[in-house]
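# Architecture and fold: a report
For reference, the chains in residue letters:
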Amino acid sequence: MTDVTGAPADVLHTLFHSDQGGHEQVVLCQDRATGLKAVIAIHSTALGPALGGTRFYPYATEAEAVADALNLARGMSYKNAMAGLDHGGGKAVIIGDPDRDKSEELLLAYGRMVASLGGRYVTACDVGTYVADMDVVARECRWTTGRSPENGGAGDSSVLTAYGVYQGMRASAQHLWGDPSLRGRKVGVAGVGKVGHHLVRHLLDEGAEVVVTDVRAEAVQRILDQHPGVTAVADTDALVRTEGLDIYAPCALGGALNDLSVSALTATVVCGAANNQLAHPGVEKDLADRGILYAPDYVVNAGGVIQVADELHGFDFERCKAKASRIFDTTLAIFARAKEDGIPPAAAADRIAEQRMAEARASRAAG
């Protein structure tokens, strides 16, 4: 079923009528000369200009790309609110295979599309885009972060993303076991790419026992070569079933927590870097019913967005690291709110974020 524009009706229903909608603006971008097809979704500017990365991904359909942009943009509003940033939430997706379709001309065309929004949306890296890509986009758009230090940027944001997840794990340990130390804890990391390999180093430095998996054999081998004490398992299914696991850290793509993985999970804490870990509504309750403590993904993985936001004001790594350290306190506050309200931590985080956005809208309306 389609609407009068020919777009799938369920996409527009999501945008205008569902609880997952409420976005302020969605822009469909096309540049036929370069093959650019992109979607820019701005969920909220209540706290300031929307900030979120650009994902370059070979979506099966345009409708799937729009739906992903809507979902990711909404998540960025909550992430930025919980990180204490003066930014709303936005996200962009470029439809295509980055290994085959990405070109300098396409990225420049994309930069012009972002620039046309006049600063309502600030872009950065995400899956399929990198620092070098943002350097190109920035040639056409000054509202670009995640650039290289040589071009006035902060460079790779995965360093602080991993550090924030590590702080979330420490807060989870404090809440559950009364001690933030991870020494002797067995941690399973699913995905040891841009963020995951930094997280492994933090865990090993503190004396944790680490088990890893990744769909890319070369990524696993790099970890094993660098850290001989790490153990690898065949896949995520094997990882979630690993005996004696204390913490499970999903650090790849979203949807890692579903009916099957939650029912098989041996860990008592879930805290990872992946976005949108809950495959569908209700998974957070399933985790709570099994006595598994869930550290909301968009809270603990906010180190990267803290870094790219700081770049807009002249990047200072130590200032950013100090802000990312506060993820420890924010995570503890969420657990306390969840206990007080009798709800899962994911719902508690949403309530706190929604309260901050509502207060900002009310303040703006009052003048």
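Here the structure is a predicted model, which means the values were calculated and not measured.

### Quick notes on the confidence of the model for the protein
Of all residues in the protein, 96% attain a pLDDT of 70 or more, and the chain-wide mean is 93. Across residues 1–5, confidence stays below pLDDT 50; counting only partners more than four residues off in sequence or on other chains, it has eight contacts.

### Concerning the side chain of Thr144
Its location among the elements puts Thr144 in the loop between helix 5 (131–137) and helix 6 (158–177). Look at Thr144 and you get buried, because its relative accessible area is 1%. Within polar-contact distance, the side chain of Thr144 engages the backbone oxygen of Cys141 at 2.8 Å. Each residue touching Thr144, except ones within four places of it in the same chain, is listed here: Val122, Thr123, Met134, Val137, Ala138 and Glu311.

### With respect to the packing of aromatic side chains
Aromatic ring pairs are defined here through the distance separating the ring centres and the angle between the ring planes. On inspection of all chains with the given rule, the structure shows four aromatic pairs. Each ring, one from Phe315 and one from Phe317, has its centre 6.4 Å from the other, and the planes form 75°; the classification is edge-to-face. The class for Phe315 is partly exposed, based on a relative accessible area of 27%. Judged by relative accessible area, which is 34%, Phe317 ranks as partly exposed.

### Let's talk about the sheet that holds strand 12 (residues 293–294)
Pairing within the open sheet is parallel, and its six strands lie in the order 9-8-7-10-11-12. The strands lining the two open edges of the sheet, one partner per strand, are strand 9 (231–232) and strand 12. Inspection of the sheet shows strand 8 (residues 209–213) paired to strand 9 by two bridges, in the parallel sense. Of the residues in strand 9, the one forming a bridge with Val211 is Thr231.

Calculation rules
Residues numbered from 1 in each chain as written. Predicted model: local features only at pLDDT ≥ 70, side-chain atom pairs only at ≥ 80, totals over all residues. Heavy atoms only, no water. pLDDT = per-residue confidence, 0-100. Contact = heavy atoms within 4.5 Å. Helix = DSSP H or I, 4+ residues; strand = E, 2+ residues; numbered from the N terminus. Buried < 20%, exposed > 50% of the residue type's maximum accessible area, 1.4 Å probe, protein only. Polar contact = N/O pair within 3.5 Å; in protein donor to acceptor, adjacent residues only side chain to side chain. Phe/Tyr/Trp six-rings, centres within 6.5 Å; stacked < 30°, edge-to-face > 60°. Pairing = 2+ DSSP bridges.

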